[in-house]
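Results of the structural survey
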2 protein chains.
Amino acid sequence: MPRVGLTTARVAEAAAVLADEVGLEHVTLAALAQRFGVATPSLYTHVRSQADARVRVALLALEETADLVAAALAGVSGRDALAAVGGVWRAYAVAHPGRYAATRLPLDAATAASSAGPRHAELSRAAVRGYRLGEVDATHAVRLLGATFHGYAALDAAGAFGHGPPDAPSSDASFERVLDGLHATLTSWETR
Amino acid sequence: MPRVGLTTARVAEAAAVLADEVGLEHVTLAALAQRFGVATPSLYTHVRSQADARVRVALLALEETADLVAAALAGVSGRDALAAVGGVWRAYAVAHPGRYAATRLPLDAATAASSAGPRHAELSRAAVRGYRLGEVDATHAVRLLGATFHGYAALDAAGAFGHGPPDAPSSDASFERVLDGLHATLTSWETR
DNA sequence: GACTCCTTCCTACGGTCCATAGGTTTCAGC
DNA sequence: GCTGAAACCTATGGACCGTAGGAAGGAGTC
């Protein structure tokens, strides 16, 4: 029997592809094994459990999005920087719904610390650097950005913006207004 | 064998309690049946499937939160109204994590239309009424509020605000700043 | 080129759960 | 007491997770 050449990384990658195709909650080890042409238990050499496989999708997606955000942020500041970060998440959530959902998984402290999460925090701080905020205010701003962008992506993914009347404004239009709002808020962010 | 007296409503209520205790993803029909002292298949008289049970938790939670928001909004406007709506969601997400998670489930169009979702949209519109926005801008504002509050609750629930350094500002403090930001944005929300 | 041994991958298995099929019992109303 | 519609049951099949223990591929050694 020829060996397939499984590795932890290849399993994680396949899990990510599968997640995008069928949704993160349908990423089963059975389906992954079938995709590799391998018996289910063989995967346990490379992944500890089903939950572990999903966490690895999250780590992979966090790395990917961090790279995308870093690239999008190059050479821009102010509202453009906000649009860059928000745009990456919005586009990623549409293009890779399973991976995006994985980024919303709660990670334990050690895993979170060694993930690209801290890099995301750094990138967000960089995105608001142009607004010349203090240390603490920058933290608040990073949280505001994270909450807004992820909340927006989540509502969009859940179809919440499509449940209204047909003449309602488009999600794109609302997103521009959201960026306007964030920009205005950060521009005149007087310290309390 | 004495009958337990199951009804769809009682099953949904039990599912909600269970969801808060063990998490929405662990709401199994087996666990529900055990809680009632009943065989698993007996539940199918009242609920179509496991997914149906979870959707019913969502509908129940949307009703509950709509009532809470309506009560919190009574007699307030402006920033206080924003704080009222946001405060309800934040408190609910902490007090009823399983129910809250259920409110994030995607619903099909018919279910969404007959849920308390439209009432939530109406309530949010009422919350921003004091800012005297136009029809379209009000829609944008409602989306902004929804995205921000739910994104914030999600990040908080995922522990994203606890992964930072120990001297980072509290989640409560950031939330106040978020309210400030939303208030400032809506106050000077010039039409494009 | 045969040997060794680590690793990969296998079969076999037990357990939990969802969901359907079809029978039995409870109980309200007559 | 009778009847019929429920509620609730047992039996069953199927999907999946995860463990145990064995067989086989293949890299490195002599």
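See above for the structure.
Scope of this entry: the structure provided in the associated data block. These numbers were taken from a predicted model, which means no experiment stands behind them.

**Comments concerning the overall build of chain A**
Counting secondary structure elements, chain A contains nine helices and zero strands. When the helices and strands of chain A are placed in sequence order, the string is α-α-α-α-α-α-α-α-α. Dimensions of chain A, computed from the C-alpha atoms along their principal axes, are close to 65 × 45 × 30 Å. Across the 192 residues of chain A, 47% fall into the buried class.

**Topic: the packing of aromatic side chains**
Residues and elements named next belong to chain A. For the coordinates displayed, the defined rule picks out eight aromatic pairs over all chains. Aromatic pair Trp 89 and Tyr 100: ring centres 5.9 Å apart, planes at 70°, arrangement edge-to-face. Here Tyr 100 lies in helix α5 (residues 97-103) and Trp 89 lies in helix α4 (residues 79-95), a separation of eleven residues in the sequence. By the burial criterion, Trp 89 is buried, and Tyr 100 matches it. An aromatic cluster is present here, built from Phe 149, Tyr 152, Phe 161 and Phe 175 joined pairwise through their rings. Over the face of the ring belonging to Phe 175 we find Arg 90, whose NZ or CZ atom lies 4.4 Å from the ring centre. A cation sits over an aromatic face here: Arg 104 above Trp 89, 5.7 Å from the ring centre.

**Here's the deal with the layout of surface pockets**
The computed volume of the largest pocket comes to approximately 2100 Å³. Around the largest pocket, the lining is made up of 48 residues, and of these Ala 101, Arg 104 and Leu 105 of chain A together with Ala 101 and Arg 104 of chain B lie nearest the centre. Of all elements in the fold, only α3 (50-73), α5 and α8 (135-157) of chain A together with α3 (50-73), α4 (79-95), α5 (97-103) and α8 (135-157) of chain B reach the threshold of two or more residues within the lining of the largest pocket. Residues that form the lining of the largest pocket fall into these classes: 29 nonpolar, eleven polar and eight charged.

**Remarks on the protein's contact with DNA strand D**
As a structural note, the neighbourhood of DNA strand D is formed by 20 residues, with Leu 29 and Gln 50 of chain A together with Arg 3, Ser 42 and Thr 45 of chain B the closest of them. Within 4 Å of the protein, the contacting atoms of DNA strand D are drawn from sugar and phosphate to the extent of 62%. Between DNA strand D and Gly 5 of chain B there is a distance of 3.0 Å, counted from a phosphate oxygen to a backbone nitrogen or oxygen.

**Overview of the pattern of salt bridges**
The final tally for this structure, using the stated rule, is 28 salt bridges over all chains. Note that Arg 119 of chain A is salt-bridged to Asp 67 of chain A, the shortest N-O span being 2.4 Å. Note that Arg 119 of chain A is positioned in helix α7 (residues 117-127) and Asp 67 of chain A in helix α3, a separation of 52 residues in sequence. The salt bridge partner of Asp 137 of chain A is Arg 177 of chain B, with a shortest N-O separation of 2.9 Å. On the criterion of chain membership, the pair formed by Asp 137 of chain A in helix α8 and Arg 177 of chain B in helix α9 (residues 171-187) is interchain, its members lying in two chains.

**Looking at the packing of α3 of chain B against helix α7 (residues 117-127) of chain B**
Residue and element names in this part refer to chain B. At their nearest, the axes of α3 and α7 sit 10 Å apart, and the two run at 20° to each other. Between α3 and α7, the angle is such that the two are roughly parallel. Note that α3 runs across α7; the crossing there is left-handed. Note on element contacts: α7 touches α3 through Arg 119, His 120, Leu 123 and Ala 127, opposite Leu 62, Glu 63, Thr 65, Ala 66, Asp 67, Val 69, Ala 70 and Leu 73. Grouping the amino acids of the contact of α3 with α7 by side-chain chemistry returns seven nonpolar, two polar and three charged.

**Re the side chain of Ser 171 of chain B**
Position of Ser 171 of chain B relative to the elements: it lies in helix α9. Of the residues examined, Ser 171 of chain B reaches a relative accessible area of 16% and is grouped as buried. With residues near it in sequence (within four places) discarded, Ser 171 of chain B still touches Arg 143 of chain A together with Arg 90, Tyr 152, Asp 156 and Phe 161 of chain B.

**What about the environment of Gly 5 of chain A?**
All names here are of chain A. By the element assignment, Gly 5 lies in the segment before α1 (8-22). In this structure Gly 5 comes out as partly exposed when scored by relative accessible area, which is 41%. Linking Gly 5 and Glu 21, residues 16 residues apart in sequence, is a C-alpha distance of 23 Å.

**A closer look at the nonpolar core**
Grouped together as the largest cluster of nonpolar side chains are 93 residues, with contacts concentrated most on Leu 32, Leu 43, Leu 73 and Leu 82 of chain A together with Leu 73 and Leu 82 of chain B. Broken down by element, this core gets its largest block of residues, nine residues, from α3 of chain A. If we skip the residues at most four places from it in the chain, Leu 73 of chain A touches Ala 81, Ala 84, Val 85, Leu 123 and Ala 127 of chain A. If you look at the next biggest cluster of nonpolar residues, it comprises 21 residues, including Leu 6, Ala 14, Leu 32 and Val 57 of chain B.

**Some remarks on the protein's contact with DNA strand C**
Within the structure, DNA strand C sits among 20 residues, and Arg 3 and Ser 42 of chain A together with Arg 3, Leu 29 and Gln 50 of chain B are positioned closest to it. Counting only the atoms of DNA strand C that lie within 4 Å of the protein, the sugar and phosphate share comes to 65%. Between DNA strand C and the protein, one listed contact pairs a phosphate oxygen with a backbone N or O atom of Ala 39 of chain A at 2.9 Å. Here a phosphate oxygen of DNA strand C and a side-chain polar atom of His 46 of chain A are 3.3 Å apart. Of the residues contributing to the surface near DNA strand C, the split by class is eleven nonpolar, seven polar and two charged.

**Quick word on the relation of the copies chain B and chain A**
Note on the identical chains: chain B maps onto chain A by a rotation of 180° and an axial translation of 0.0 Å, with an RMSD of 0.0 Å. Within this description, the copies of the chain are treated as partners about a two-fold rotation axis. When C-alpha distances to the rotation axis are compared across chain B, the minimum falls at Gly 151 of chain B, with a value of 1.8 Å. The share of interface residues of chain B whose copies in chain A are also at the interface is 100%, consistent with both copies meeting through the same surface.

Cut-off values and rules
Residues numbered from 1 in each chain as written. Chains lettered and ligands numbered in written order. Predicted model: local features only at pLDDT ≥ 70, side-chain atom pairs only at ≥ 80, totals over all residues. Heavy atoms only, no water. Helix = DSSP H or I, 4+ residues; strand = E, 2+ residues; numbered from the N terminus. Buried < 20%, exposed > 50% of the residue type's maximum accessible area, 1.4 Å probe, protein only. Phe/Tyr/Trp six-rings, centres within 6.5 Å; stacked < 30°, edge-to-face > 60°. Lys NZ or Arg CZ within 6 Å of the ring centre and 35° of its normal. 1 Å grid on protein atoms, 1.4 Å probe; cavity = no way out; pocket = protein on both sides within 12 Å on 5 of 7 lines; lining within 4 Å. Points joined across faces, edges and corners; volume = space filled by probe spheres on them. Nonpolar A, V, L, I, M, F, W, Y, C, P; charged D, E, K, R; others polar. Near = heavy atom within 4 Å. Polar contact = N/O pair within 3.5 Å; in protein donor to acceptor, adjacent residues only side chain to side chain. Salt bridge = Lys/Arg side-chain N within 4 Å of Asp/Glu carboxyl O. Axes fitted to C-alpha atoms, helices over the stretch in contact; angles between N-to-C directions. Parallel < 35°, antiparallel > 145°, perpendicular 65-115°, else oblique. Left-handed = near helix turned anticlockwise from the far one by under 90°. Contact = heavy atoms within 4.5 Å. Core = buried A, V, L, I, M, F, W, Y, C linked by side-chain atoms within 4.5 Å. Least-squares fit on C-alpha atoms with pLDDT ≥ 70 in both.

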